[in-house]
Amino acid sequence: MIYYIPNLLTCIRIFIIPMLVWAYYFPPDYWGMPVAAVLFGFASLTDWLDGYLARRLNQVSKLGAFLDPIADKLIVVTVLVVIVDAHGHLSILIPSLIIIAREIVVSGLREWMSELGRRESVAVSMVGKLKTAVQMLALFLILYYHPVFGLPVFEIGVWLLNVAATLTLWSMVIYIRRAMMSAG
């Protein structure tokens, strides 16, 4: 079960975290930041790929269902902490705190619904999927940092991070409403 391809991809995502942090902080930052962004981009793709392969290859497992959200939260929270540390802008700090708080609240909500036997009531919504896509793109751009073809990549990433924070709040409200209706 641990040797299922999706589970291996999830483990790779976890093992990428220290490499990403090392690359980001390793001087000179003109190549460290892009390397960290590429590692994050690869990890983001494995997040999508492991779920797709689990369903496609009929390799859905309890271990994978447990590890996948942990790997997602570990890498996202790590990157948020790194970029807050590196840049210290309120425009990064506030959405980062919102995203981290939402992850904690929704994880607790899912645990509570599981105990009630109603975990499906807090299944991922379309807003949650959109939030994840915007968040991953924002973090990739912020990590990359350097302008590309004159485009202010970092600033676009910060703007998208704030959009992701808004979607984060929206999706959290959806999950809380569903849980409250389901709990009776």
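Provided above is the structure to which this section pertains.
Here is a short report on the structure shown in this document. (Residues numbered from 1 in each chain as written. Predicted model: local features only at pLDDT ≥ 70, side-chain atom pairs only at ≥ 80, totals over all residues. Heavy atoms only, no water.)

### A look at unusual backbone geometry
Backbone geometry places N58, a non-glycine residue, at a positive phi of 55 degrees. Mapped onto the fold, N58 is located in the loop between helix 2 (29-56) and helix 3 (62-87). N58 gets classed as exposed once you look at its relative accessible area, which sits at 67%. (Helix = DSSP H or I, 4+ residues; strand = E, 2+ residues; numbered from the N terminus. Buried < 20%, exposed > 50% of the residue type's maximum accessible area, 1.4 Å probe, protein only.)

### Structural notes on the packing of aromatic side chains
For the coordinates displayed, the defined rule picks out 6 aromatic pairs. Arranged with centres 6.4 Å apart and planes meeting at 25 degrees, the rings of F140 and Y144 form a pair that is stacked. Within this pair, F140 and its partner Y144 are both found in helix 5 (residues 126-144), separated by 4 residues, close to a single helical turn. According to the relative accessible area criterion, Y144 is partly exposed, its value standing at 25%. Feature note: the residues W22, F26 and W31 constitute an aromatic cluster, connected by ring pairs. Lying over the aromatic face of Y175, R110 brings its terminal NZ or CZ to 5.2 Å of the ring centre. (Phe/Tyr/Trp six-rings, centres within 6.5 Å; stacked < 30°, edge-to-face > 60°. Lys NZ or Arg CZ within 6 Å of the ring centre and 35° of its normal.)

### Topic: the nonpolar core
One finds F40, I75, I83, L139 and L161 to be the most contacted residues of the largest nonpolar core, which totals 33 residues. At the level of secondary structure, the elements contributing two or more residues to this core comprise helix 1 (5-25), helix 2, helix 3, helix 4 (90-115), helix 5 and helix 6 (153-183). Broken down by element, the residue count for this core peaks at 8 residues, all from helix 5. For I75, the residues in contact, after removing those within four places along its chain, are R13, I16, I17, L20, F40 and A43. Grouped together as the second largest cluster of nonpolar side chains are 6 residues, V106, M113, M172 and Y175 included. (Core = buried A, V, L, I, M, F, W, Y, C linked by side-chain atoms within 4.5 Å. Contact = heavy atoms within 4.5 Å.)

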